[in-house]
Amino acid sequence: MRRLRACLGAAAAVTLAAAGTTALVASNASGATSALGNRWYAAAPYLMPLDNDPPDPAAIMDATGLKAFQLAFVLAPNGGGCTPTWGGTAPVSSDTAVQSVINTIRAKGGDVSVSIGGYGGTKLGQACSDAASTAAAYQQVITKYGLHAIDFDLEEPEYENTAAVRNEIGAAKILQQNNPGLYVSVTTAGTADGTGWFGKQMLLEAKSQGFTPNNFSIMPFDGGFNGAASQTSALTNFNTILQSTFGWDQATAYAHEGFSGMNGRSDTGEYFSQADFQTVLDYATSHHMDRFTFWSLNRDRQCTPADNGGRTSGTCSSVTQNSWDFAKYSVKFAGVTPPTGTPTPTPTPTPTPTSCKTAWNASAVYTAGDEVSYGKHNWKAKWWTQNETPGAAEWGPWQDEGAC
């Protein structure tokens, strides 16, 4: 695949490194508010601002007291190259849509972190030639939005690529050095043992580079988990891995450990209720863990029968709930009591009914950006696919664009 000559070379990245604090000062001049306390960035749930029927962040803030959001995901361009995009399709350099979301949040006293990577798609660590050029691409995101926090979500397929992980960890270290005070989290897959072989290799890479983020977080779902007890067991095991890898004592390991859950029904049919979230929250706070977050606010609302039908959805949780129930656990982790009254709602525009695209065909070949309809929803292909049913798994090749 032809690579666009879009990313900064090593010489330019070295210039950025020499600039030291200049990058963060410039970003603050671009309109960022003063940084929140790190506990808020540690509590920020994931929000897709451009896909999965994005909810109104102002309404969530009014209803829950939430102040921080983890915006997802920044990727390399689908067509190749080393410049940051939202979801592989929307260049950060010309973005106004996500900036508008950020402005709304900041106008109400909140702030955002940006998550890079995620499941699927091409990551900048894969597309860029080295750690310096990878860092230069991410610095564009930090500067554009005046960020005080960033999340490296290292999972399939990137974390199986040794060179890509080396680029990502190296980039994280450079950004940490060049942006003093930047909150950095690293998120990876969780297993019953804590994390798998690739997760452990990622930790060893961080150790070899002398890189320590604010936390390493695991995602204990989609791996044979069954409720909170299995998740807290995985967190305990992951703590042991952190101790053995970095030579930390138990308390230090917990102070650098995070949890990233999935609210409601997971991709593999596991269920995590509000009670499960409370149990894990109690574990995280009692062990003085650094982070408690979840995927995602787009899903933090009850499904209608038409939306759900017994499947995992990107736009609702598939469990009985009130809107934003799960966000309140993040608020509690930040040390704030969610409001108990009914806040004055922020008006949300009434959506215009959407017509259905051409019906999905199992024998047809689809490429990134192609749109189809299936199950009374429209879907957009994230990458090349054939005979993969839309909605069969949230992390599959199809992006749910809502009911039609």
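Residues numbered from 1 in each chain as written. Predicted model: local features only at pLDDT ≥ 70, side-chain atom pairs only at ≥ 80, totals over all residues. Heavy atoms only, no water.

(A) Expanded view of the overall build of the chain. Secondary structure summary: the chain contains 13 helices and 17 strands in total. A total of 404 residues make up the chain; the buried ones form 53% of that total. Across the chain, contacts joining residues at least 24 apart in sequence account for 72% of those joining residues at least 6 apart. Here the chain displays about 15800 Å² of accessible surface, and carbon together with sulfur accounts for 53% of that area. (Helix = DSSP H or I, 4+ residues; strand = E, 2+ residues; numbered from the N terminus. Buried < 20%, exposed > 50% of the residue type's maximum accessible area, 1.4 Å probe, protein only. Contact = heavy atoms within 4.5 Å. Areas by Shrake-Rupley, 256 points an atom, 1.4 Å probe, with all protein chains shown as cover.)

(B) Geometry of the confidence of the model for the chain. Residue-level pLDDT values for the chain average 88, and 86% of them are 70 or greater. A low-confidence stretch, residues 343-352 (pLDDT under 50), is modelled with nine contacts involving residues beyond four sequence positions or located in other chains. (pLDDT = per-residue confidence, 0-100.)

(C) Structural view of the sheet that holds strand S17 (residues 398-403). Read from one edge of the open sheet, three strands run S14-S15-S17, paired in antiparallel fashion. Two strands close off the open sheet at either side, each with one partner strand: strand S14 (371-374) and S17. On average, each strand axis in the sheet is inclined to that of its neighbour by 30°, with strand direction left out of account. Looking at chain direction, S14 and strand S15 (residues 377-381) are connected through four bridges and run antiparallel. Following the sheet pairing, Tyr 374 is matched in S15 by His 377. (Pairing = 2+ DSSP bridges. Axes fitted to C-alpha atoms, helices over the stretch in contact; angles between N-to-C directions.)

(D) Focus on helix H4 (residues 57-64). With seven of eight residues buried, H4 lies mostly within the body of the structure. For H4, the N-terminal capping position is held by Asp 56, with its side-chain oxygen 3.0 Å away from the main-chain nitrogen of Ala 58. Positive phi shows up at Gly 65, right after H4, with a value of about 85°. (Polar contact = N/O pair within 3.5 Å; in protein donor to acceptor, adjacent residues only side chain to side chain.)

(E) Layout of the packing of aromatic side chains. On inspection of all chains with the given rule, the structure shows 21 aromatic pairs. Geometrically, the ring pair formed by Trp 197 and Phe 198 is edge-to-face, given 5.2 Å between the ring centres and 85° between the ring planes. Of the residues examined, Trp 197 reaches a relative accessible area of 57% and is grouped as exposed. A residue is classified by how much of its surface remains accessible, and Phe 198, at 28% relative accessible area, is partly exposed. One aromatic cluster in this structure is built from Phe 259, Phe 277, Phe 292, Phe 294, Phe 326, Tyr 329 and Phe 333. The cationic tip of Arg 39 hangs over the ring face of Phe 333; the distance from NZ or CZ to the ring centre is 3.6 Å. (Phe/Tyr/Trp six-rings, centres within 6.5 Å; stacked < 30°, edge-to-face > 60°. Lys NZ or Arg CZ within 6 Å of the ring centre and 35° of its normal.)

(F) Focus on the pairing of strand S9 (residues 257-262). Most of S9 sits out of view: six of its six residues are buried. Because side chains alternate across S9, one face comprises the buried residues Glu 257, Phe 259 and Gly 261, and the other comprises Gly 258, Ser 260 and Met 262, equally buried. Two elements, strand S8 (residues 215-219) and S9, share three bridges in a ladder whose sense is parallel. Counterpart to Ile 218 in the pairing with S9 is Phe 259. Note that S9 and strand S12 (residues 291-295) share five bridges and pair parallel. Looking at the pairing, Met 262 lines up with Trp 295 of S12.

(G) Region of the structure containing the nonpolar core. In this structure, Phe 69, Leu 71, Phe 152, Phe 216 and Phe 292 are the most contacted members of the largest nonpolar core, which totals 94 residues. Sort the elements by how many residues they give to this core and helix H10 (residues 228-246) lands first, with seven residues. Setting aside its immediate chain neighbours within four residues, Leu 71 contacts Leu 47, Trp 86, Val 98, Ile 102, Val 112, Ser 113, Val 114 and Ser 115. Residues Trp 360, Val 372, Trp 379 and Ala 381 belong to the second largest nonpolar core, which totals six residues. (Core = buried A, V, L, I, M, F, W, Y, C linked by side-chain atoms within 4.5 Å.)

(H) Structural context of unusual backbone geometry. A cis amide bond links Ala 72 to the next residue, Phe 73, at an omega of -10°. Note on placement: Phe 73 falls in strand S2 (residues 68-75). Between Trp 295 and Ser 296 the backbone carries a cis peptide bond, its omega angle lying at 0°. The topology assignment puts Ser 296 in the loop between S12 and helix H13 (327-333). Phi angles above zero are rare outside glycine, and Ser 318 is one such case at about 70°. One non-glycine residue, Asn 387, lies in positive phi territory at about 60°. With respect to the element layout, Asn 387 can be found in the loop between strand S16 (385-386) and S17. Looking at Asn 387, the relative accessible area reads 54%, which means it is exposed.

(I) Representation of the state of the cysteines in the model. Taken as a whole, this structure holds two disulfides when the rule is applied. Between Cys 82 and Cys 128 runs a disulfide, and the two sulfur atoms are separated by 2.0 Å. As the torsion about the S-S bond is roughly 100°, the Cys 82-Cys 128 disulfide counts as right-handed. Pair noted here: Cys 82 is in the loop between S2 and strand S3 (85-86) and Cys 128 is in the loop between helix H6 (124-127) and helix H7 (131-145), with a separation of 46 residues, a long-range link. Residue class for Cys 82 comes out buried when judged on its relative accessible area of 0%. Note on cysteine connectivity: Cys 303 is disulfide-linked to Cys 316, with sulfurs 2.0 Å apart. Measuring the twist about the S-S bond at about 100°, one finds the Cys 303-Cys 316 disulfide to be right-handed. (Disulfide = S-S within 2.5 Å.)

(J) Structural view of the pattern of salt bridges. Tallied over the full model, the rule gives five salt bridges. When the shortest N-O distance is used, the salt bridge between Lys 108 and Asp 62 registers 2.9 Å. In this pair, Lys 108 is assigned in the loop between helix H5 (97-107) and strand S5 (111-117) and Asp 62 in helix H4, connecting sequence segments 46 residues apart. Judged by its relative accessible area of 37%, Lys 108 falls in the partly exposed class. Measuring nitrogen to oxygen at the nearest pair gives 3.6 Å for the salt bridge that ties Glu 371 to Lys 357. Of the two residues, Glu 371 is situated in strand S14 and Lys 357 in the loop between H13 and strand S13 (365-366); the sequence distance between them amounts to 14 residues. When its relative accessible area of 35% is taken as the criterion, Glu 371 is described as partly exposed. For Lys 357, a relative accessible area of 36% gives the class partly exposed. (Salt bridge = Lys/Arg side-chain N within 4 Å of Asp/Glu carboxyl O.)

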